[in-house]
Amino acid sequence: MTLTFAATLPDRGFDVELDVAEGRTLALLGPNGAGKSTALGLAAGTLRPHDGHVTLDGRPLVHAEAGRTRTWVPPHARQVALLAQEALLFPHLSVRQNVAFGPRSQGARRREADAAADRRLADVGLASLADRAPSTLSGGQAQRVAVARALAAEPRLLLLDEPMAALDVEVTPALRQSLKHLLAEQTTVITTHDVLDALLLADEIAVIDGGRVVERGATADVLARPRSTFAAKIAGLNLLAGTWTGDGVRTTAGEVVHGHAPGDGLAVGVPMTAVFRPAAVSVYLDEQHGSPRNTFRGTVTSLEPRGDLVRVRTGHLAADVTPQSVAELSLVPGAQVWLSVKAAEVDVYPG
Ligand SMILES: Nc1ncnc2c1ncn2[C@@H]1O[C@H](COP(=O)(O)OP(=O)(O)OP(=O)(O)O)[C@@H](O)[C@H]1O
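This structure is a prediction, so every number in the text was calculated from the model and none was measured.

Here the focus is the overall build of the protein. Of regular secondary structure, the protein possesses nine helices and 22 strands. Considered along the principal axes of its C-alpha atoms, the protein spans approximately 75 × 50 × 35 Å. Among the 351 residues that make up the protein, the fraction classed as buried is 47%. For the protein, the share of sequence-separated contacts (at least 6 apart) that also reach a separation of at least 24 residues comes to 64%. Of the roughly 16,600 Å² that the protein leaves accessible, carbon and sulfur atoms contribute 50%.

With respect to the helices and strands, the residue Gln143 is situated in helix H4 (residues 139-152). The exposure class of Gln143 is buried, given its relative accessible area of 1%. Look past the residues within four positions of Gln143 in its chain and what remains in contact with it is Ala84, Gln85, Glu86, Ala87, Pro163, Leu167 and Leu175.

Another point: the site of the ligand. Close to the ligand lie Arg12, Pro31, Asn32, Gly33, Ala34, Gly35, Lys36, Ser37, Thr38, Glu162 and His193. Ala34 places a main-chain nitrogen or oxygen 3.1 Å from an oxygen atom of the ligand. Between the ligand and the protein, one listed contact pairs an oxygen atom with a side-chain N or O atom of Ser37 at 2.7 Å. Bound to the protein, the ligand loses 54% of the 640 Å² it would expose on its own.

Taken together, six strands build an open sheet; the order of strands is E7-E8-E9-E3-E10-E11 and the sheet is mixed. Each edge of the open sheet is held by one strand with a lone partner, namely strand E7 (80-83) and strand E11 (212-218). Within the sheet, the average angular offset between the axes of one strand and its neighbour, ignoring direction, is 15°. As judged from the four bridges shared by strand E8 (residues 157-161) and strand E9 (residues 188-191), these two strands associate in the parallel manner.

Ordered by their spatial adjacency, five strands build an open sheet running E2-E1-E4-E5-E6, and the pairing between neighbours is antiparallel. The sheet terminates laterally at strand E2 (14-20) and strand E6 (68-72), the two strands that pair on one side only. Across the sheet, the axes of successive neighbouring strands diverge by a mean angle of 10°, strand direction being ignored. Here seven bridges tie strand E1 (residues 3-9) to E2, and the two strands are oriented antiparallel to one another. The residue of E2 that forms the bridge with Ala6 is Glu17.

Annotation from UniProt places "domain: ABC transporter" (unreviewed entry) at residues 7-235. For residues 7-235, the helix share is 34%, the strand share is 26%, and the end-to-end C-alpha distance is 28 Å.

As a further point, take helix H2 (residues 95-105). Taken as a whole, H2 has its buried residues at Val95, Asn98, Val99, Ala100, Gly102 and Pro103. Where the residues of H2 are buried, they touch helix H3 (110-123) and H4. At the exit of H2 stands Gly107, carrying a positive phi of roughly 105°.

In terms of domain boundaries, the protein breaks down into domain 1 (3-229) and domain 2 (236-347). Between the C-alpha centres of domain 1 and domain 2 there is a distance of 38 Å. In this assembly, seven residues from domain 1 lie in contact with five residues from domain 2. At the boundary of domain 1 with domain 2, total buried surface from both sides reaches about 400 Å², with 57% on carbon and sulfur atoms. Interface area lost by domain 1 to domain 2 is led by Arg225, Pro226 and Arg227, which between them contribute 67%. In this structure, the connection of domain 1 to domain 2 is made through one salt bridge. In this structure, Asp347 engages Arg225 in a salt bridge whose closest nitrogen and oxygen atoms are separated by 3.2 Å.

Let's shift gears to the packing of H2 against H3. Close contact between H2 and H3 brings their axes to 8 Å; oriented N to C, the two are set at 120°. Our pair here, H2 against H3, has a crossing hand that is right-handed. Here Val95, Arg96, Gln97, Val99, Ala100, Pro103 and Arg104 of H2 come into contact with H3, specifically with Arg110, Ala113, Asp114, Ala116, Ala117, Asp118, Arg120 and Leu121. Of the residues assigned to the contact of H2 with H3, the class counts are eight nonpolar, one polar and six charged.

This part covers the pairing of strand E12 (residues 238-244). Counted residue by residue, E12 has five buried out of seven residues, so it is predominantly covered. Bridge count for E12 against strand E15 (residues 271-276) is six bridges, and the pairing is antiparallel. The residue of E15 that forms the bridge with Gly242 is Met272. With three bridges connecting them, E12 and strand E13 (residues 249-251) associate as antiparallel partners. Residue Trp244 lies in a different strand from E13, and its bridge partner there is Val249. Taking the residues between adjacent antiparallel strands as the criterion, E12 and E13 are bridged by four residues, where Gly246 takes a positive phi near 115°.

About the thresholds
Residues numbered from 1 in each chain as written. Predicted model: local features only at pLDDT ≥ 70, side-chain atom pairs only at ≥ 80, totals over all residues. Heavy atoms only, no water. Helix = DSSP H or I, 4+ residues; strand = E, 2+ residues; numbered from the N terminus. Buried < 20%, exposed > 50% of the residue type's maximum accessible area, 1.4 Å probe, protein only. Contact = heavy atoms within 4.5 Å. Areas by Shrake-Rupley, 256 points an atom, 1.4 Å probe, with all protein chains shown as cover. Near = heavy atom within 4 Å. Polar contact = N/O pair within 3.5 Å; in protein donor to acceptor, adjacent residues only side chain to side chain. Pairing = 2+ DSSP bridges. Axes fitted to C-alpha atoms, helices over the stretch in contact; angles between N-to-C directions. UniProt positions renumbered as here; feature names shortened; annotations may be inferred. Domains from an automatic or database assignment. Buried area = accessible area lost by both parts, 1.4 Å probe. Salt bridge = Lys/Arg side-chain N within 4 Å of Asp/Glu carboxyl O. Left-handed = near helix turned anticlockwise from the far one by under 90°. Nonpolar A, V, L, I, M, F, W, Y, C, P; charged D, E, K, R; others polar.

Next up, the structure:
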């Protein structure tokens, strides 16, 4: 099923266009309040757009113009499954009955629906729990049952709203693995804050910010060459946006950043992005000169442990340095520092 989506909701400052090709998974990323859940609600039919349409394989699920709904397929008739952060299983039904609920309500006989439920439970690795009551499951198990239930209804479109958000970190790998396998041929939109979900599950990423799509592309491209601050943050990269000067990127703060550029032919003034890894950044108490490098003055805003290293943040930039360096430089929040990154470590590209 191919999803096309173009909807506005002025009350929420929401104006988004998206499409997902047959069998593909699109991850919606963005800060809190960006509009990710709103997009899912509009596709599922729990919200109505002010203007716009949602279609599946060309068939309209909703079409609205200036606040008037022209076409409306109610949520239960859309064959769209929305999986919320909490599993929300029916407490009075067994695990098998929960999963069989979709096929049963579509008219399948009990035996047939139970067989479909057992297949789906096996898909998520929980066949042995079929006779249990939902109240006896762990959060991770309940969420996997909810995935099985959503898929048993054979939805044309699967919508996952931060499926790992309510789970302990120890159980997310198992659910992610189940999903990776199950989403392979399923047209899916998933919202997430986690780069691993995007990397493992999504073919494409759309970054939403302030109710708008600010960036869109293949997952690997967006994470390797982000164009939005949010995508850079989740990819763990420093990003400085600006315009091309002929030999560098001039930021709005007036700094010129030098790096690997895509070659000649770029017009002066075009929007450009410079990206570099925190591990490539060194921290000094004085300005460094010498080999082609970029230096940025900053005030340390936070220090966070990061594996064997310490992530030093100065507002918009981050450097990963050793604990020894932190001690030698007496780095504390409020310290004035120079961050330095060699031009050879900076990737510069249009956008
Ligand atoms: N029920 C509601 N009524 C009115 N406005 C709402 C409602 N729910 C959300 N909003 C607003 O719509 C905008 C988008 O919210 P939405 O929940 O879609 O964001 P989100 O990207 O899913 O955020 P999060 O990551 O925090 O879940 C926000 O400005 C929010 O305040």
